[in-house]
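Commentary on secondary and tertiary structure
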Amino acid sequence: SGLSQEAGSVEQLSLHCAEGSLEWLYPTGALRLRLAPRLPPTTAAVKGKSPQHVTACVKPSGTFRGAQLYLEREGMLELLLPEAPRPHVRCFSWLPQEKVALFLQATPHPDISRRIAAFRYELRGDWLARPALPATSLTTEGACRPCNDTEILMAICTSDFVIRGSIRSVSNNAELQESVIGVSTARIHRQKFPLFQVGGRLGRPTGSIRTPLRCGVKPGPGTFLFTGWLHFGEAWLSCAPRYRDFQRIYEGARRTRQNPCEFPVD
């Protein structure tokens with residue numbers, strides 16, 4: 001609460017958790033939030049490739065008022081969230097040796113009415129490997145291209161969800177720059193969270209998966225293997241090969257003993 005702070009003061013905090021939320025009542029002065037996630041040890045950089053990045057995303061609450069959020073990098077400030085922002089997710093990345101922080105600065109108001117500057121955040125060390133995030137501030141080159149065979153095999157082993165199913169519908173949200181894919185599942189191979197639940201006339205689990213609008217997803221027939229990640233409680237698409245193509249890829253890798261994990265194929 002800003003009621004316990006002196007006007008003009010800057011309180012220092014550290015964010016160590018991979019995800020969480022912050023709620024600042026009656027914002028006064030400023031908060032400086034050092035980003036220091038406890039990530040797994042960085043794997044050795046592939047020869048000729050840049051070192052692994054760390055990525056953070058912030059999502060303002062619908063009642064974000066009384067402050068503005070800045071990214072502090074190398075002594076420079078970049079505005080991430082103005083006061084009363086739209087509910088867009090903002091993402092940014094940095095190298096592990098760089099020092100970055102979030103600077104939450106209270107905005108002056110003539111009255112003392114109740115205001116809350118609240119947002120959720122996620123800190124990850126692996127998103128740049130194959131991100132499919134909506135934020136324009138995050139480099140997402142290749143987010144819309146089809147996965148290659150290696151990426152598909154890794155996706156079934158490491159994704160938050162692996163769902164075999166078909167596309168029921170596709171709806172586009174121009175404001176959020178997202179497409180929402182309605183999925184009817186034939187089999188849930190894995191879901192770390194209950195993203196797909198029973199509903200509809202056929203009694204099959206259904207759910208929705210998001211992808212950037214620019215990818216131009218269209219509804220179509222066939223069975224797909226949907227894989228992806230949980231991002232602020234929503235499913236985001238990573239790889240989605242047709243199931244018959246996945247069967248061919250997996251069987252070829254299994255014969256040569258190059259499959260990174262076992263997966264039930266029928």
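Scope of this entry: the structure provided in the associated data block. (Residues numbered from 1 in each chain as written. Predicted model: local features only at pLDDT ≥ 70, side-chain atom pairs only at ≥ 80, totals over all residues. Heavy atoms only, no water.)

What to know about the nonpolar core
Rules: As used here, the term nonpolar core means buried Ala, Val, Leu, Ile, Met, Phe, Trp, Tyr and Cys residues forming a set that is joined through side-chain atoms within 4.5 Å. Whether a residue is buried, partly exposed or exposed follows from its accessible area with a 1.4 Å probe, protein chains only, as a fraction of its type maximum: under 20%, in between, or over 50%, in that order. Secondary structure follows DSSP: runs of H or I at least 4 residues long count as helices, runs of E at least 2 residues long count as strands, and numbering of each begins at the N terminus. The contact criterion used is simple: two residues touch if any of their non-hydrogen atoms lie within 4.5 Å.
The biggest cluster of nonpolar side chains holds 25 residues, and the ones touching the most others in it are Leu102, Leu104 and Phe119. Every element with two or more residues in this core is listed here: β2 (19-25), β3 (30-35), β4 (54-60), β5 (67-73), β6 (76-81), β7 (90-94), β8 (100-106) and β9 (116-124). Not counting the four nearest positions on each side in its chain, Leu104 is found in contact with Leu22, Trp24, Gly29, Ala30, Leu31, Phe64, Ala67, Gln68, Leu69 and Phe119.

Notes on the pattern of salt bridges
Note the threshold: The term salt bridge refers to a pairing of a side-chain nitrogen on Lys or Arg with a carboxyl oxygen on Asp or Glu at a separation within 4 Å.
Applying the stated criterion across every chain, the model contains 6 salt bridges. Between Asp160 and Lys192 there is a salt bridge whose closest N-O contact spans 3.4 Å. On the criterion of sequence distance, the pair formed by Asp160 in the loop between α1 (149-158) and β10 (161-173) and Lys192 in the loop between β11 (178-191) and β12 (197-198) is long-range, its members being 32 residues apart. One salt bridge connects Arg254 with Glu251, and the closest N-O pair in it is separated by 2.6 Å. Highlighted residues: Arg254 and Glu251, both in helix α2 (residues 243-255), separated by 3 residues, approximately one helical turn. Using a relative accessible area of 24% as the deciding quantity, one classes Glu251 as partly exposed.

Considering the sheet that holds β9
To be explicit about the condition: Between any two strands, pairing holds if DSSP finds at least two bridges. To get an axis, fit a line to the C-alpha atoms, keeping to the stretch in contact for a helix; angles then go from 0 to 180 degrees between the N-to-C directions.
Here we have 4 strands laid out as an open sheet, ordered β2-β9-β4-β7, and antiparallel in their pairing. Bordering the open sheet on either side are β2 and β7, each of which pairs with just one other strand. On average, each strand axis in the sheet is inclined to that of its neighbour by 20 degrees, with strand direction left out of account. Examined bridge by bridge, β4 and β9 share 6 bridges and lie antiparallel to one another. By the bridge assignment for β9, Ala56 is matched with Leu123.

Some words on the side chain of Glu178
Here is the rule we go by: Think of a polar contact as two N or O atoms within 3.5 Å of one another; within protein, one of them needs to be a possible hydrogen donor and the other a possible acceptor, and neighboring residues in sequence only count if both atoms come from side chains.
With respect to the helices, strands and loops of the structure, Glu178 is situated in strand β11. Within the structure, the side chain of Glu178 is placed 3.3 Å from the side chain of Arg210, a separation counted as a polar contact.

Focus: the pairing of β3
As paired elements, strand β1 (residues 10-15) and β3 share 6 bridges and run parallel to each other. In the strand pairing of β3, Leu15 is matched with Leu35. Across 5 bridges, β3 lies against β8 in antiparallel orientation. Within β8, the residue paired with Ala30 across the bridge is Gln105.

Here we look at the state of the cysteines
Applied cut-off: Two cysteine sulfur atoms make up a disulfide if the distance between them is within 2.5 Å.
In the structure shown here, the tally under the stated rule is 3 disulfides. A sulfur-sulfur separation of 1.9 Å characterises the disulfide bridge that pairs Cys57 with Cys91. When the S-S torsion is 105 degrees, as for the bridge of Cys57 with Cys91, the disulfide is right-handed. Taken as a pair, Cys57 in strand β4 and Cys91 in strand β7 lie far apart in primary sequence, 34 residues in all. With respect to class, Cys57 is no different from Cys91; both count as buried. Here Cys157 pairs with Cys261 through a disulfide, and the sulfurs are 2.0 Å apart. Residues Cys157 and Cys261 are joined by a disulfide whose S-S torsion is about -90 degrees; by sign, that bridge is left-handed. Here Cys157, found in helix α1, pairs with Cys261, found in the segment after α2; they are 104 residues apart in sequence, far enough to count as distant. Take Cys157: its relative accessible area is 24%, and that puts it in the partly exposed class.

Notes on the sheet that holds β8
The sheet built from 5 strands is open, its strands ordered β1-β3-β8-β5-β6 with mixed pairing. The open sheet has two edge strands, β1 and β6, and neither has a second partner. Averaged over neighbouring strand pairs, the angle between their axes works out to 25 degrees when direction is ignored.

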